[in-house]
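Analysis of the macromolecular model
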Amino acid sequence: MRPKTSLFNALLTHFLMGVALGLSLVLLLGLFDAFHVRDLVAKSDAPVQTTLILVTTYGLMFGIGATLTGLVLTLEDES
């Protein structure tokens, strides 16, 4: 029997796993360049800011999605 963890710790774990998944997807998009993301970023007016926005958006998008999914699963598990 596992000791109970707090809801915050469980959601933080889900958020961090989602961010890691989102960042790995951005890395794969940049490495394989199947959708020409690398060319799009390189030809933009500010490539550093474009890269930062892309990485931040994917990280937060996956992090928030994993947190909401983790919240539903954790609350369902408790009831």
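The coordinates are above.
Attention in this report is confined to the structure presented alongside it. Being a predicted model, the structure only gives us computed values, none of them experimental. (Residues numbered from 1 in each chain as written. Predicted model: local features only at pLDDT ≥ 70, side-chain atom pairs only at ≥ 80, totals over all residues. Heavy atoms only, no water.)

Let's talk about the packing of aromatic side chains
Convention followed: In this analysis, rings of Phe, Tyr and Trp, with Trp reduced to its six-membered ring, are considered paired at centre separations within 6.5 Å, and the interplanar angle assigns stacked below 30 degrees, edge-to-face beyond 60, and tilted for intermediate values. By the criteria applied, helices consist of DSSP H or I runs no shorter than four residues and strands consist of E runs no shorter than two, each listed in order from the N terminus. Between buried and exposed lies partly exposed: a residue is buried under 20% and exposed over 50% of the maximum accessible area for its type, with that area taken using a 1.4 Å probe on protein chains only.
Using the criterion set out here, one finds one aromatic pair in the structure. On the numbers, 6.4 Å between centres and 15 degrees between planes, the contact of Y58 with F62 is stacked. Placement of the pair is Y58 and F62 together in helix α3 (residues 47–78), with a separation of four residues, close to one helical turn. By relative accessible area, which is 21% here, Y58 ends up partly exposed. A relative accessible area of 25% means that F62 is categorised as partly exposed.

Points about the pattern of salt bridges
The condition is simple: The salt bridge definition used is simple: a Lys or Arg side-chain nitrogen within 4 Å of an Asp or Glu carboxyl oxygen.
With the rule as written, the count across this model stands at one salt bridge. Taking the shortest distance from any N to any O, the salt bridge between D33 and R38 comes out at 3.7 Å. Under the relative-accessibility criterion, D33 is labelled buried at 14%. Residue R38 is classed as partly exposed on the basis of its relative accessible area, which comes to 44%.

Details of the packing of helix α1 (residues 7–32) against α3
Keep this limit in mind: Lines are fitted to the C-alpha atoms to define the axes, a helix being fitted only along its stretch in contact, and any angle between axes, read from their N-to-C directions, falls within 0 to 180 degrees. In a left-handed crossing the near helix is turned counterclockwise from the far helix by less than a right angle, and in a right-handed crossing that turn is clockwise. For this classification, the nonpolar set comprises Ala, Val, Leu, Ile, Met, Phe, Trp, Tyr, Cys and Pro, the charged set comprises Asp, Glu, Lys and Arg, and every other residue, Gly included, is treated as polar.
Across the interface, α1 lies against α3 with an axial gap of 7 Å and an inter-helix angle of 145 degrees. With respect to the hand of their crossing, α1 and α3 are arranged in right-handed fashion. Grouping the constituent residues of the contact of α1 with α3 by class yields 18 nonpolar, eight polar and no charged.

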